[in-house]
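# Structural description and commentary
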Amino acid sequence: MLYSQGIPLESLLPSPDGRRAGDEGEHRAIWHLFCANFHLFRGTPSGIWLTHELNEVFGITEKPSAANADRLYDLIAEKLASPEFSPRALFERFNIEVLCTTDSATDTLEHHQAIRQSGWKGNIRPTFRPDAVVNFDVPNWKANIAKLEQVTNQPITNYRSFIRALEQRRAFFKQMGATATDHAALTPATAELTSAEAESIFQRALKGQATSADAARFTAHMLMEMARMSLEDGLVMQLHPGSLRNHNRLIFEKFGLDKGADIPIQTEYTHNLLPLLNRYGNDTRLTLIVFTLDETSYSRELAPLAGHYPALKLGPPWWFHDSLNGMARYFDQVMETAGLYNTAGFNDDTRAFCSIPARHDVWRRTAANWVAGLVARHIVDMDDAQDMMTELAVGLVRRAYKL
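Residues numbered from 1 in each chain as written. Predicted model: local features only at pLDDT ≥ 70, side-chain atom pairs only at ≥ 80, totals over all residues. Heavy atoms only, no water.

With that settled, the discussion passes to the nonpolar core. If you look at the biggest cluster of nonpolar residues, it comprises 74 residues, and the most contacted ones within it are Phe162, Leu166, Phe202, Met222 and Leu392. A total of nine residues in this core trace back to one element, the largest contributor, which is helix 10 (residues 212–233). With residues up to four places along the chain from it excluded, the contact list for Phe202 reads Phe136, Trp141, Ile156, Asn158, Tyr159, Phe162 and Phe218. Residues Leu54, Leu72, Phe91 and Trp120 belong to the second largest nonpolar core, which totals 27 residues. (Core = buried A, V, L, I, M, F, W, Y, C linked by side-chain atoms within 4.5 Å. Buried < 20%, exposed > 50% of the residue type's maximum accessible area, 1.4 Å probe, protein only. Helix = DSSP H or I, 4+ residues; strand = E, 2+ residues; numbered from the N terminus. Contact = heavy atoms within 4.5 Å.)

As structure tokens, this is what we get:
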């Protein structure tokens, strides 16, 4: 938001030593710039979340501004330094039932092991995300394969050994409490290659000779393989397609990956998911939760698909649509066709710990408004409404993710 208004990204990103060249060099300066431009977030989801965090978490009711920036900085820093604002204390204060991290297939999960050994009772689980070893076009794919060899203690010289390594890692993640996997792809294309085709493409990748077409075909095939593995090990499969990442070449070249400019694309699901759903979609042992950044696909494709295939559920409004209006559109476009019980309820995917209560509060309020409208129009009665709200708040997501 700040960059879109002409504020240089250099002025918003601290350097590795915590100081920035060209000004007083402190995080306080970044905060000051943010407060001076807080008005830019009026009416946005970020504005709702930030205001909720300041009010409900930190007890700050005044709006951030250039005039009060230093005072608010000191107040928040003081609170964050207190025992009451430690991550574990906030976890319990927020009444979080389950928090899941997203971890690469090569992650040792040492921090999860440390939490287990600490004796703390917070329910923290890993989630298996194999994109970095499955998608040939990610940076450092060969290095990632080398890491996979290291953590599995076995050489990966062909497609079969690659599959065995992934199955081993999934078993380890499940042992550490994982109930789900997570997969990102530009499109939700699925296709089943023969063993010979998969081996041929994989060998080209090992030699650094794989083409972009090879990468796309292999990713589509590996989504099928991941569905097969989920049937066998019971891990819920999540699919997040439709983001064209690093759209702004200037930002990518200056600052690298994941600095914004990830833009949604038009996404087709009916044909792309056809191979996977025809192979596995009728098997109740599989749970495939699909998210989308293309809202036009909700009523046209995703709701009818989820309303038919036992294995398919719709994830909540995601990313750009994790918002008051995005949620309202979701209820209008999805529920009449898919039905409430073919959705996965709400799980947020924030990277900002203190925004968790805000995001769930927005979901509950929007859900209550939708249910209240059904009651007012005599579509459901109050008994139904009470049950539906419990499901929307916790019931659906608990069952969808086997919690």
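Looking now at the pattern of salt bridges. It is possible for side chains of opposite charge to pair when their charged atoms get near one another. In the structure shown here, the tally under the stated rule is 21 salt bridges. Across the salt bridge formed by Arg398 and Glu97, the nearest N and O atoms sit 2.6 Å from each other. Here Arg398 is found in helix 16 (residues 382–400), whereas its partner Glu97 is found in the loop between helix 4 (87–93) and strand 1 (99–100), with 301 residues between them in sequence. On the basis of relative accessibility, which here comes to 45%, the residue Glu97 falls in the partly exposed class. Each of Glu167, Glu225, Arg228 and Glu232 takes part in salt bridges that share partners, so that together they form one network. (Salt bridge = Lys/Arg side-chain N within 4 Å of Asp/Glu carboxyl O.)

Applying the stated criterion across every chain yields a total of one cavity of 30 Å³ or more. One number sums up the size of the largest cavity: a volume of about 60 Å³. Looking at the lining of the largest cavity, the elements with two or more residues in it are helix 6 (131–134), strand 5 (180–185) and helix 10. For the lining of the largest cavity, the leading source of residues is helix 10, giving four residues. Looking at the lining of the largest cavity residue by residue, the classes come out as seven nonpolar, three polar and one charged. (1 Å grid on protein atoms, 1.4 Å probe; cavity = no way out; pocket = protein on both sides within 12 Å on 5 of 7 lines; lining within 4 Å. Points joined across faces, edges and corners; volume = space filled by probe spheres on them. Nonpolar A, V, L, I, M, F, W, Y, C, P; charged D, E, K, R; others polar.)

Here the structure, examined in full by the defined rule, presents 25 aromatic pairs. Plain terms: the ring middles of Phe331 and Trp363 are 5.2 Å apart, the flat faces sit at 40° to each other, and that makes the pair tilted. Here Trp363 lies in helix 15 (residues 356–376) and Phe331 lies in helix 14 (residues 324–338), a separation of 32 residues in the sequence. The class of Trp363 is buried, set by a relative accessible area of 2%. An aromatic cluster is defined as three or more aromatic residues linked by ring pairs; in this entry it consists of Phe136, Trp141, Tyr159, Phe162, Phe202 and Phe218. Sitting above the plane of the Trp49 ring, Arg359 keeps its charged end 3.7 Å from the centroid. (Phe/Tyr/Trp six-rings, centres within 6.5 Å; stacked < 30°, edge-to-face > 60°. Lys NZ or Arg CZ within 6 Å of the ring centre and 35° of its normal.)

A word on the environment of Ile124. Take Ile124: it is sitting in strand 3 (residues 124–125). Its relative accessible area of 18% is what places Ile124 among the buried residues. Separated by 145 residues in the primary sequence, Ile124 and Tyr269 have C-alpha atoms spaced 32 Å apart. Ignoring any residue separated from it by four or fewer positions in sequence, one finds Ile124 in contact with Phe91, Leu99, His112 and Ile115.

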